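# Topology and contacts: notes
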Amino acid sequence: MLQLNDPSLLRTKAFVAGRWVDEPGRGEFPVFNPADETVIASVSDTGRQTVRVAIEAATVAMAEWKLRTAKDRANILRNWFDLILTNTEDLALLMTWEQGKPLAESRAEIRYAASFVEWFAEEGKRAYGDVIPAHATDLRLLTVKQPVGVVAAITPWNFPSAMITRKAAPALAAGCALVIKPAAETPLSALALAELAHRAGLPDGILNIVVGTDAIGMGEELSSHPQVRKLTFTGSTRVGKLLMAQCAGTVKKTSMELGGNAPFIVFDDADLPTAVAGVMASKFRNAGQTCISANRILVQEGIYSDFLQELTRVVKKLKLGDGRDPETDIGPLITGAALDNVDSLVRNALDCGARAMAGGQVSILGGGFYEPTVLADVTPDMKVFREEIFGPVAPVVQFSSEAEAIALANDTSAGLASYIYTQNISRILRTTEALDFGMVGVNESMISTEVAPFGGVKESGVGREGSRYGIDDYLEIKYVCIRGI
Ligand code: ADP
């Protein structure tokens, strides 16, 4: 049994209208430790009915919340931020326990999750409207920003805390109430955040968390209920498209953070150690289970063999293990299905002529462990080039010219993150402009921060999270035209 400093952070029921609830007749579902596939908790399996109750509670609670001053809301968010940081160790343990990532990464995610709460507490105070020079002398034209309404948030398991605060913090700061459905793989991190929000003074009904296995039913309810005015989603492109279609029926605002297929381009003039370090951070963090993870490493012919050699050397040193062991560099993949998918992509690449320089198979450790892998001589016809890998597999592709690199990079329906490594300033400007992606890291692969806009183009999504733009998705602009001044 996991020892927490504060055992009351381990919550196993849904949080609705300020109370911990079950749904009669639906029982519980197990949460697994992906490192050894043992059951670590049983959580109330709430469904559609609880979602409906939560939406009603949010609607009622929001009537008062939206009328408060931004400063009042900010003070509560600030309390939440402080409580998240104070409880970093427990929250990180819970996360590693249910998600598998190394403890150091879990601690970093908790700090990252908290940063959105701090940031949007401040941004809420700056949701300015306009006074517009009028088109007639007796008119005055104003705009005011108002909360969009009740928000539904559906979040994934790969960043169980940060994907919640990145949505909840701007929504709360703007004056919205939320119903959040985390992934069934990682409900404990979400529920602990709700406990802390409650302690921070958030009124009952403002932040509700529904947990359960009926993702389809809950998703249908959240995306069709008329009281929900906005749906924000992070997850797969397939589910994102479905939710957008379902939201059309009631014309909800949507924000979508969907899958990526990030190109990582290393030009001949790149600094080799910097480029290898960039791949390591981008590709192997969270065992490659991030949507901005380098998915296709495109390396120019002059540096190709040196790069491959160095990358292989460093990857071979990585240590797989339980995330709670301080020696561990890479934890397990989230489920057996995830493991099978990664392995089938690697098998396909090897069958089509790629070479495994490191790894290339399921680990003998069992559980969700996959060997850190480097694949050389990958080509665009292989599945590993086309599909999001979500595993510790680095496919390396050789190219010769800058134009070829850009064409290869843009040859995807995804458009989330991209990376280029070069010392040439003209090339930096040319290529950052030519890449059809929402984000470009130049000689840097750790690009996520609460102060910058995160989001994709093409089929990677709609909207931006974090930064001064992140609150816009939770606000409507109301235009007021006054005559007779
Ligand atoms: P992944 O493949 O990373 O698990 P998903 O898109 O399946 O990504 O999951 C992201 C979130 O979407 C999770 O909370 C999951 O429960 C939820 N989800 C999955 N399928 C649906 C669906 N049909 N409708 C609504 N939500 C869904």
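Residues numbered from 1 in each chain as written. Predicted model: local features only at pLDDT ≥ 70, side-chain atom pairs only at ≥ 80, totals over all residues. Heavy atoms only, no water.

### What about the site of the ligand?
We apply this condition: One heavy atom suffices: a residue is near a molecule or strand as soon as one of its heavy atoms comes within 4 Å of it. Counting of polar contacts relies on pairs of N or O atoms within 3.5 Å, with two restrictions inside protein: one atom must be capable of donating a hydrogen and the other of accepting it, and residues adjacent in sequence are counted only when both atoms are side-chain atoms. Each accessible area value is a Shrake-Rupley result obtained with a 1.4 Å probe; residue values ignore everything except the protein chains displayed when judging cover. We count a stretch as a helix when DSSP gives it H or I for four or more residues in a row; a strand needs E for two or more, and each element gets its number in order from the N terminus. The nonpolar class holds Ala, Val, Leu, Ile, Met, Phe, Trp, Tyr, Cys and Pro. Asp, Glu, Lys and Arg form the charged class, and all remaining residues, Gly among them, are polar.
Of all residues adjacent to the ligand, which total 16 residues, the nearest are Thr-155, Trp-157, Lys-181, Phe-233 and Ser-236. Thr-155 places a polar main-chain atom, nitrogen or oxygen, 2.7 Å from an oxygen atom of the ligand. Ser-236 has a polar side-chain atom sitting 2.6 Å from an oxygen atom of the ligand. Against a free-state accessible area of 540 Å², the protein chains account for coverage of 80% of the ligand. Mapped onto the shell around the ligand, the elements with two or more residues apiece are α7 (215-224), β10 (228-234) and α8 (237-248). For the shell around the ligand, the class distribution of residues is 10 nonpolar, five polar and one charged.

### Let's talk about the packing of aromatic side chains
To be explicit about the condition: Centre distance within 6.5 Å is the pairing criterion for rings of Phe, Tyr and Trp, where only the six-membered ring of Trp is used; planes under 30 degrees apart are then read as stacked, over 60 as edge-to-face, and the remainder as tilted. The criterion is that NZ of a Lys, or CZ of an Arg, lies within 6 Å of the ring centre and within 35 degrees of the ring normal, and then a charge sits over that ring.
For the coordinates displayed, the defined rule picks out six aromatic pairs. On the numbers, 5.8 Å between centres and 90° between planes, the contact of Trp-157 with Phe-390 is edge-to-face. Remark: Phe-390 occurs in the loop between α12 (383-386) and β16 (393-399) and Trp-157 occurs in the loop between β7 (150-154) and α5 (162-174); sequence separation between them is 233 residues. Among the aromatic side chains, those forming a connected cluster through ring pairs are Phe-264, Tyr-419 and Tyr-421. One cation-aromatic arrangement involves Arg-166 over Phe-454; the distance from NZ or CZ to the ring centre is 4.1 Å. Looking at Arg-427, its charged tip hangs above the ring of Phe-267, at a distance of 4.3 Å from the centre.

### Points about unusual backbone geometry
Rules: We call a residue buried when its accessible area falls under 20% of the maximum for its residue type, exposed when it is over 50%, and partly exposed in between, using a 1.4 Å probe and counting protein chains only.
Of note, Asp-377 is a non-glycine position whose phi angle comes to about 60°, a positive value. Within the secondary structure, Asp-377 is located in the loop between β15 (373-376) and α12. With relative accessibility at 29%, the residue Asp-377 sits in the partly exposed group. Residue Phe-390 is not a glycine yet carries a positive backbone phi of 55°.

### What about the domain arrangement of the chain?
Filter applied, for reference: The domain boundaries here were taken from an automatic or database domain assignment. By definition in these notes, contact holds between two residues if any of their heavy atoms fall within 4.5 Å. By buried area we mean how much accessible surface two parts lose on assembly, using a 1.4 Å probe and totalling the loss over both. The term salt bridge refers to a pairing of a side-chain nitrogen on Lys or Arg with a carboxyl oxygen on Asp or Glu at a separation within 4 Å.
Split into domains, the chain comes out as domain 1 (7-259 + 460-480) and domain 2 (262-411 + 417-449). In this structure, domain 1 and domain 2 have C-alpha centres spaced 31 Å apart. Each partner contributes residues to the interface: domain 1 has 22 residues there, and domain 2 has 24 residues. In this assembly, domain 1 packs against domain 2 so that about 1800 Å² is buried in total across both faces, 59% of it on carbon and sulfur atoms. It is Ala-35, Pro-102 and Trp-157 in domain 1 that bury the most area against domain 2; as a group they hold 24% of the surface buried on that side. Run the count over domain 1 and domain 2 and you get zero salt bridges. Linking domain 1 with domain 2 are six residue pairs in polar contact (both at pLDDT 80 or more), by the criterion used here. Element by element, the count of residues in the side of domain 1 that touches domain 2 is highest for helix α3 (residues 88-99), at five residues. Grouping the amino acids of the side of domain 1 that touches domain 2 by side-chain chemistry returns 10 nonpolar, six polar and six charged.

### What about the side chain of Asp-90?
Note the following rule: The charge count includes Lys and Arg as positive and Asp and Glu as negative, but it does not include His or the ends of the chains.
Among the structural elements, Asp-90 can be located in helix α3. At 7.7 Å, Arg-199 is the nearest oppositely charged side chain to Asp-90, a buried residue that forms no salt bridge. Here the side chain of Asp-90 touches Asp-6 through a polar contact of 2.8 Å, landing on its backbone nitrogen. Setting aside chain neighbours within four positions, we find Asp-90 in contact with Leu-4, Asn-5, Asp-6 and Leu-9.

### Looking at the sheet that holds strand β5 (residues 130-132)
Counted only if it meets this: By this definition, two strands are paired if DSSP reports at least two bridges between them. A fitted line through C-alpha atoms represents every axis, and for helices the fit uses only the stretch in contact; the resulting angles, taken between N-to-C directions, go from 0 to 180 degrees.
Read across the open sheet, the three strands follow the order β5-β6-β20; overall the sheet is antiparallel. Of all strands in the sheet, those bounded by a partner on one side alone are β5 and β20 (475-483). On average, each strand axis in the sheet is inclined to that of its neighbour by 25°, with strand direction left out of account. Note: strand β6 (residues 139-147) against β20, nine bridges, orientation antiparallel. Each bridged residue has a counterpart across the sheet, and for Lys-145 the counterpart in β20 is Ile-477.

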